[in-house]
Amino acid sequence: MKKIAVVYRSKSGFTTKYANWISKTIGGDLLHGKETKIEDLLGYDVIIYGGGIYAGGVNGLKLITGNYEKLKGKKLIVFGLGASPVRPEIYEEVKNRNLTKEQQERIAFFLLRGGFDNSKLTFVDKILMQGMKIYLKRKKEPTDDDRDMLNAYARPVDYTDKKYIEPIINEVINI
Ligand SMILES: Cc1cc2nc3c(=O)[nH]c(=O)nc-3n(C[C@H](O)[C@H](O)[C@H](O)COP(=O)(O)O)c2cc1C
């Protein structure tokens, strides 16, 4: 039996939902990324790391990428989730921003859709997102995605869906 860890960081609860679904489906240990040290992960065969995307970066991913050498020989899976829709070009952009070419050869990367809930953000994140709101409002030719994002400030959106974890589960099953 492979020992599986599902490690996650979540600021407003969207990644928490996916991490719970994944660990319940495959039976791995659920670990909170903030309280997890690299030593805690060395006894696992499979490490699944998930985090929200903040300004393009997967929250807390340094735990994995910064300790990449120590994790050699293990099956590594990373998922990031943002408020943006999941499209091939966005997937490529986020993957290249977060993993080097070498890491991409050994780490299976997935992009899932999260949501946006302004009321759950910290003061600092609220300020940052106010800046984004002003930028979106001033855009001369806003896209549908821009309009969806602007609407989400007034009314939280949750795009999470359990079916999106299927490729991650298959990745574990096919080891
Ligand atoms: C300051 C800030 C920056 C963000 N940057 C991005 C981004 O670059 N791309 C994206 O798709 N979503 C972005 N988001 C949205 C979050 O990734 C999204 O709300 C995600 O579901 C949060 O997951 P969590 O609650 O588990 O942390 C950002 C949100 C905040 C507050």
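Residues numbered from 1 in each chain as written. Predicted model: local features only at pLDDT ≥ 70, side-chain atom pairs only at ≥ 80, totals over all residues.

Undergrad: Which parts of the structure should I look at to understand the environment of Phe109?
TA: Residue placement: Phe109 occurs in strand E6 (residues 107–113). Spatially, the C-alpha atoms of Phe109 and Ile165 are 12 Å apart, while their sequence positions differ by 56 residues. Discounting chain neighbours no more than four positions away, the residues touching Phe109 are Val78, Lys95, Leu99 and Gln104. (Helix = DSSP H or I, 4+ residues; strand = E, 2+ residues; numbered from the N terminus. Contact = placed C-beta atoms within 7 Å.)

Undergrad: What exactly am I supposed to notice about the pairing of strand E5 (residues 75–82) here?
TA: Regular strands place side chains that alternate from one sheet face to the opposite one. Counted residue by residue, E5 has seven buried out of eight residues, so it is predominantly covered. Pairing of strand E3 (residues 46–54) with E5, which is carried by seven bridges, proceeds in the parallel orientation. Bridged to Tyr49 within E5 is Val78. By the bridge criterion, seven bridges tie E5 to E6 in an arrangement that is parallel. Paired with Ile77 across the two strands is Ala108, which belongs to E6. (Buried ≥ 20, exposed ≤ 12 C-beta atoms within 10 Å, placed from the backbone. Pairing = 2+ DSSP bridges.)

Undergrad: Explain the nonpolar core here, please?
TA: Taken as a class, soluble globular proteins show a tendency for nonpolar side chains to be buried jointly. With 33 residues, the main nonpolar core has Ala5, Val6, Ile47, Ile48, Tyr49, Val78 and Phe79 as its most contacted residues. Broken down by secondary-structure element, the contributors of at least two residues to this core are strand E1 (4–9), helix H1 (14–26), E3, helix H3 (62–65), E5 and E6. Excluding residues within four positions of it along the chain, Ala5 makes contact with Gly28, Asp29, Leu31, Leu41, Tyr44, Ile47 and Ile48. (Core = buried A, V, L, I, M, F, W, Y, C linked by C-beta atoms within 7 Å.)

Undergrad: Help me understand the domain arrangement of the protein chain, please; the structure alone is not making it clear to me.
TA: By a widely used convention, the size of an interface equals the accessible area lost when the partners come together. As assigned here, the protein chain comprises domain 1 (4–117 + 157–173) and domain 2 (118–155). Domain 1 and domain 2 are separated by 25 Å when their C-alpha centres are compared. With nine residues of domain 1 in contact, the opposing surface of domain 2 contributes nine residues. Among the residues forming the side of domain 1 that touches domain 2, the class breakdown is four nonpolar, three polar and two charged. (Domains from an automatic or database assignment. Nonpolar A, V, L, I, M, F, W, Y, C, P; charged D, E, K, R; others polar.)

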